[in-house]
Amino acid sequence: MISVEEALSYILKHFAPLEPEQVSLVDSLERVLTEDIVSDMNVPPFNNSAMDGYAVRAEDVVSATQEHPVPLRVVGNVAAGYVAKNSVEPGTAMRIMTGAPMPLGANAVVRFEETSEGAEVKGAGKNRQAVQILKSVNRGDNMRHAGEDIHAGEIVLPKGMTVRPAEIGVMASLGKKMVSVHRRPRVAILATGDELVAIDEPIAPGKIRNSNEYTNAAAVLRAGGIPIQLGIARDNIADLTAKIRAGLDADADLFLTSAGVSVGDYDMVKDVLNAEGEMHFWQVRMKPGKPLAFGVLRGKKDVPLLGLPGNPVSAMISFEVFARPAILTMLGKTKFTRPSVRAVLQEDVKNDAQRRNFIRVAVEHSGDGLIARSTGEQGSGILTSVSRANGLLTVPEDVTFVRKGEMVDVQMLDWPEW
Ligand code: AMP
Ligand code: MG
């Protein structure tokens, strides 16, 4: 048996970030930049007002107070999107709206609330000839300075960064309509087994529905890949070979199979994989998910294949531990570790398998802290144990017992709003 780390590091050697593609700005969400985003302009591009008020010369209003207001002559109005025609000379002020460029001569803004206009009906000040300033301001007050957010020439977003809504907004303000990001991996998904019936077929004696195809497709999507669902291959050489070749024809970057990699009589996947490429069949020191295949299929190009176990929980955990990092690597991401929380374990957990045990837990708030409870029966076929969980408690190979009440680290599979 090999360790989880040995298996993962061997697998990840076969993956690298995929080539860049140009996508429209909003489609770059959650993707990784393949180039630095350098600004060719200042943001904001000009000094402008941060408030609705009066653009003034701070030196004109140093003595202004509620009791001793300073009167100024009003020389105009400037709204966002327009440039003032005249300038602010000593003893004058200009009405100004948020976002409007500062007029020449002005160096601060006094908010309407701190002028004699404050108490008036909205809009009534438009034709005003004079205003009383009720409070002094410092130079630069209530203004936004050219380049205070972004300087021309600056690297605003570095290559390798994952794009979120804030980055999309930053790129929009720089006029970037198209963005260069790593291509999303195409992931072929093949379920195998004579016992499987398709989702829309009736269950017959001895048969079960093919759920792995769908969990895998959803997990691929969630990780950022593009699932290619190939359906079910039967446990015979001809059908398996045909379906694997179909996946290669669909330009897969990664091939995921489920089941048939164990030691049963009809675990044909092993033979076919060996014939179609170079495969390793491992027993990984983990629970659930001991059997795992990994290798490379020979097609038009070499395509790495991960043969996940058939049991639905084993398949999901193996996906989480091995396939997700591979997909993230192809997307250009370099970190795979889920965020973890510290929580108080609510029951004893035994680990007598001498394997790394991934316990499905539900983490929730309780009092001042977090608690983690096992989601019940942890058998590798009990898919609802994953459905009830939001995290995984990893019990190391050499730890046989974790006591109720202990503080444990839980890796969060979901980060619920709470
Ligand atoms: P195997 O690795 O082929 O021995 O399969 C292990 C277990 O997983 C068996 O009980 C299978 O019936 C079950 N299984 C295999 N493939 C699927 C699938 N696509 N969906 C749900 N269960 C499956
Ligand atoms: Mg089988």
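Residues numbered from 1 in each chain as written. Chains lettered and ligands numbered in written order. Predicted model: local features only at pLDDT ≥ 70, side-chain atom pairs only at ≥ 80, totals over all residues. Heavy atoms only, no water.

### Topic: helix α2 (residues 165-173)
What α2 keeps buried is the set Glu167, Ile168 and Met171. Looking straight down α2, one finds its buried side chains confined to an arc of 105°; they lie on one side. Of the surrounding elements, those touching the buried residues of α2 are β2 (37-38), β10 (155-157) and β11 (178-182). Two residues or fewer after α2 comes Gly175, characterised by a positive phi angle close to 80°. (Buried < 20%, exposed > 50% of the residue type's maximum accessible area, 1.4 Å probe, protein only. Helix = DSSP H or I, 4+ residues; strand = E, 2+ residues; numbered from the N terminus. Arc of directions from axis to C-beta. Contact = heavy atoms within 4.5 Å.)

### Here we look at the sheet that holds strand β6 (residues 92-96)
Strand order in the open sheet made by the five strands is β7-β4-β6-β5-β8, with mixed pairing throughout. Each having just a single partner strand, β7 (108-111) and β8 (130-133) make up the two edges of the open sheet. Neighbouring strand axes in the sheet, compared pairwise and without regard to direction, differ in orientation by 40° on average. Judged from the four bridges that link them, strand β5 (residues 70-78) and β8 form a sheet pairing that is antiparallel. Bridge assignment links Val70 to a residue of β8, and that residue is Ile133. (Pairing = 2+ DSSP bridges. Axes fitted to C-alpha atoms, helices over the stretch in contact; angles between N-to-C directions.)

### Re the pairing of strand β21 (residues 340-345)
Where β21 meets strand β27 (residues 407-412), five bridges bridge the pair, whose relative direction is antiparallel. The residue bridging Ala343 from the neighbouring strand is Val408, located in β27.

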